[in-house]
Amino acid sequence: MKLCKFGGSSLASAEQIRKVCDIIMSDPKRKYIVVSAPGKRYDDDNKITDLLIALANAIHSGYSGSDEIEEICSRYEDIARQLGISDIYGDVIRQDLEFRIHENRANRLALTESLKAAGEDNCAKLLTLYLNSLEVEATYIHPGEAGLELEADARIVQATDESFLRLSKLKELSGLLIIPGFFGYAKGSKQILTFSRGGSDITGSIFAAALTVNVYENFSDVDGVYSVSPKLVRNPHPIRELTYSEMRELAYGGFSVVHEEALEPILRLGIPLNIRNTNNPSYPGTMIVEERFDYDSIVTGITGTKGFCALHFSKYLLNRETGFIAKVLSILADLDIPFEHMPSSLDSVSIIMKDKVFPNDKERIVRQRLYEELSIKNVKVERGYAIVTIVGDAMAQTVGVAARAVSALSRSGINIEFVVQASSEISMLFGVKEAYCNYAVTELYKTFYSYSGV
C-alpha cells in the first residue's frame, strides 16, 4: 500500500482537488491520504493557514475576527460549490471556527493551536465529502480518535511510541482513509499541538511508518528534488534518487521540498519517500531511499542559507582546561541558545548559531558571563553569515572534492570565513558573507556540474 500526502498548492482550488482525486483513483494501492490546508491559488493570494493565524491574532488583540472568518469561509465555500458538493459549506466552516474560538478563548496558546489546525482538518473533511460524492468509499480520520498523541521535546513536536501502535489499527479499515496533516493531540490531554510550518510532511511520515506502507508519496508543485534551486540556475540537474542522509542535509541547508523533520519515522523502517508533482503526475519524481548505488555526480546537491552569526573567543592554553567547552555550552543552554557548528583551533573557538536565537540582549549576557565565569576577555561576535553546503554520499570515496570547492570560491573572489566537514563526509559547509551566498552556490554548481549558464 501507499500513503500519499498532498501539499497546500495541490488543494488550493476545486480544479486542483480534482487533480488530486484523479491521482488517488489512478492507483488502487493509494489507500492512505494526508492533506494540508489549501494554499495559494496565485502569487498574491493568502494561504488558509496564514488567514487562521491572522484570525488568532485578531482574537488575542480583542477584535472579533469577523473579516478573517468571512475570508476563510468564502474560500472553502467557493471550493465546495465548484466541486458540486455543497452551497452552504461556508456555514459549516463558520460554525467550526466559532466553536474553536468559544472553547479556547481563555487560553492564548490553545486558541492559536486549535485555529491553526482548522485548515487541514476542514480540508480533509471536504476531500472526503467530494470523494463520497463520486461514490468512492472514503472515511475522514480524526487524528485524536485514531491515537496521534504528541509530546513536545524542546522545539520539536513528535509522536509518542504508543501512537504508532494505536495508528497501526487503521489498517483494519476498508476504503480510502483521509487524514488531516499538521496536528495531533498532547500526550494525556485533548489539547491540540501543531508541528512547525510544513508539518503535514511529518504527519505523512508518522502514518506511513505506523501503517508500514511500501512507499510514501509526497505530492507538491515541483517535479522532484533538484541539485540546486531553480531560482538560481535555469534547468538545474534533476536528482532521480538520493538517500535519507543526503535529503536531511539538503533540507537543513534550505531545500524546502520536504520538511527536515519528516524523515525520521520512515527512516526507522526504510520506507522510500517519492517526491511527486500533482500537476505532472506522469513524471516519476525523486526517490529518497535508505541506500543507493547509482550516482549522477560526485555532489548530489548544493544549497545556501542566510541568517547565521558567529561567537568567536580565544584564551591561551584553552586546550589544557578540562571541561572548558562544556562550561561555555552550559552558559548558552541556560539562555536557551542552540548552536549549529563549532570549528576550533588550539586556543580559539567559534560557535556558529542562527542569528535569530542570539539577539543583542543575549549577546550582552553571554559576553559578561564568559568574562566573569571563565576569564575570557577576547570575545567577538560577527553577524551576516551564510552557510553554503555541498552534499553527496559519493564525496566520501572521492579525492579532491574540498580542493575543487575551495578553488572555485577562491577564483570567484569569495572569502571563506570557516569550513565544517561532517564526520560522515557526505557534506561540507562553507561560511561566507550573506552578500555572496547565492553567488557561491552558482559558482559551486558550475564547478561540479560543468554548467556555464545561470
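Residues numbered from 1 in each chain as written. Predicted model: local features only at pLDDT ≥ 70, side-chain atom pairs only at ≥ 80, totals over all residues. Heavy atoms only, no water.

**Brief notes about the packing of helix α11 (residues 324-334) against helix α12 (residues 360-374)**
Test applied: Orientation is described by axes fitted as lines to C-alpha atoms, over the contacting stretch for helices, and by angles from 0 to 180 degrees between their N-to-C directions. Helix numbers and strand numbers start at the N terminus; a helix is a DSSP run of H or I with at least 4 residues, a strand a run of E with at least 2. The handedness criterion is simple: a crossing whose near helix is rotated anticlockwise from the far helix by less than a right angle is left-handed, and one whose near helix is rotated clockwise is right-handed. Any two residues whose heavy atoms approach within 4.5 Å at even a single point are treated as in contact. Lys, Arg, Asp and Glu make up the charged group, whereas Ala, Val, Leu, Ile, Met, Phe, Trp, Tyr, Cys and Pro make up the nonpolar group; the residues left over, Gly among them, are polar.
Two elements in contact, α11 and α12, have axes whose closest approach is 11 Å; the angle formed by their N-to-C orientations is 145°. As α11 runs across α12, the sense of the crossing is right-handed. Packed against α11, whose contacting residues are Phe324, Lys327, Val328, Ile331, Leu332 and Asp334, the element α12 presents Val366, Arg369, Leu370, Glu373 and Leu374 at the interface. Across the contact of α11 with α12, the residue classes tally to seven nonpolar, no polar and four charged.

**As for the environment of Leu409**
Assignment of secondary structure puts Leu409 in helix α13 (residues 401-411). When residues no more than four places from it in sequence are discounted, the contact partners of Leu409 are Ile414, Ile416, Phe430, Ala440 and Leu444.

**What about the pairing of strand β17 (residues 378-391)?**
For clarity, the cut-off: Being paired, for any two strands, means DSSP has found at least two bridges between them.
With 13 bridges joining them, strand β15 (residues 301-314) and β17 adopt antiparallel strand pairing. What sits directly across from Ser314, in β17, is Asn378. As judged from the seven bridges shared by β17 and strand β19 (residues 427-433), these two strands associate in the antiparallel manner. Paired with Tyr385 across the strands is Lys433, a residue of β19.

**Overview of helix α14 (residues 437-449)**
Count 3.6 residues to each turn of an α-helix, and residues three or four apart come out pointing the same way. Under the convention used in this document: Helix span, as expected, comes to 1.5 Å for every residue beyond the first. Working definition: with a 1.4 Å probe on protein chains only, accessible area under 20% of the residue-type maximum means buried, over 50% means exposed, and in between means partly exposed.
If you check α14, its first and last C-alpha atoms are 18 Å apart, about what 13 residues at 1.5 Å a residue would give, namely 18 Å. For α14, the buried fraction is high: 10 of the 13 residues fall into the buried class. By the burial criterion, the buried members of α14 are Cys437, Ala440, Val441, Thr442, Glu443, Leu444, Tyr445, Thr447, Phe448 and Tyr449. Buried positions along α14 lie against β15, β17, α13 and β19. With its phi angle positive at about 50°, Ser450 sits one or two positions after the end of α14.

**Structural notes on unusual backbone geometry**
Backbone geometry places Phe182, a non-glycine residue, at a positive phi of 85°. If you trace the backbone, Phe182 turns up in the loop between β6 (176-180) and β7 (183-186). In this structure, Thr212 takes a positive phi of about 45° despite not being glycine. With respect to the helices, strands and loops of the structure, Thr212 is situated in the loop between α8 (200-210) and β9 (215-220).

**Section: the packing of aromatic side chains**
What counts here: Stacked, tilted and edge-to-face are the three classes applied to pairs of Phe, Tyr and Trp rings, where Trp contributes its six-membered ring and a pair requires centres within 6.5 Å; stacked means planes under 30 degrees apart, edge-to-face means over 60, and tilted covers the rest.
Counted under the stated rule, the structure contains six aromatic pairs. Both rings, one in Phe183 and one in Tyr185, keep their centres 6.2 Å apart while their planes meet at 70°; by these two values the pair is edge-to-face. Take Phe183: its relative accessible area is 1%, and that puts it in the buried class. A centroid spacing of 5.6 Å and a plane angle of 90° characterise the contact between Tyr385 and Phe418, whose relative ring orientation is edge-to-face. Of the two residues, Tyr385 sits in strand β17 while Phe418 sits in strand β18 (residues 418-421), which places them 33 residues apart along the sequence.

**Concerning α8**
For α8, a buried count of 11 out of 11 residues is recorded, marking the element as mostly surrounded by other parts of the structure. Thr212, located one to two residues past α8, shows a positive phi value of around 45°.

**Here's the deal with the nonpolar core**
How we decide: Here the nonpolar core consists of buried residues drawn from Ala, Val, Leu, Ile, Met, Phe, Trp, Tyr and Cys, with membership extended through side-chain atoms lying within 4.5 Å.
If you look at the biggest cluster of nonpolar residues, it comprises 44 residues, and the most contacted ones within it are Leu3, Ile206, Phe207, Met247, Ile266 and Leu273. Examining the composition of this core, we find that six residues originate from one element, α8, more than from any other. By size, the runner-up hydrophobic cluster in this structure holds 43 residues, among which are Cys73, Leu83, Ala118 and Val136.

**Thoughts on the sheet that holds β17**
Here we have five strands laid out as an open sheet, ordered β16-β15-β17-β19-β18, and antiparallel in their pairing. Looking along the sheet, the strands with just one partner apiece sit at the ends: β16 (348-354) and β18. Going across the sheet, the axis of each strand differs from the next one's by a mean of 35°, ignoring polarity. Against the sheet, α11 engages β15 and β16, with an angle of about 25° to β16. Sheet strands in contact with α12 are β15 and β17, and its direction is about 120° off that of β17.

**Some points on the environment of Leu131**
For Leu131, the position within the fold is in helix α5 (residues 108-133). Judged by relative accessible area, which is 0%, Leu131 ranks as buried. As a C-alpha pair, Leu131 and Arg18 span 113 residues in sequence and 9.6 Å in three-dimensional space. The contact partners of Leu131, leaving out residues within four places of it in the chain, are Cys21, Val136, Ala138, Leu176 and Ile178.

**Brief notes about the sheet that holds strand β13 (residues 273-277)**
Taken together, eight strands build an open sheet; the order of strands is β3-β6-β2-β1-β9-β13-β14-β12 and the sheet is mixed. On the outer flanks of this sheet lie β3 (138-140) and β12 (241-243), each paired with one strand and no other. Shown here is a sheet whose adjacent strand axes are inclined to one another by a mean of 20°, direction ignored. Relative to β6, β3 runs parallel, the two sharing three bridges. Note on β6: the bridge partner recorded for Ala138 is Leu176. Taken strand by strand, α5 contacts β2 (30-35), β3 and β6, and its axis lies near 160° from that of β6. Lying over the sheet, α8 contacts β1 (2-6), β2, β6 and β9, oriented at roughly 160° with respect to β9.

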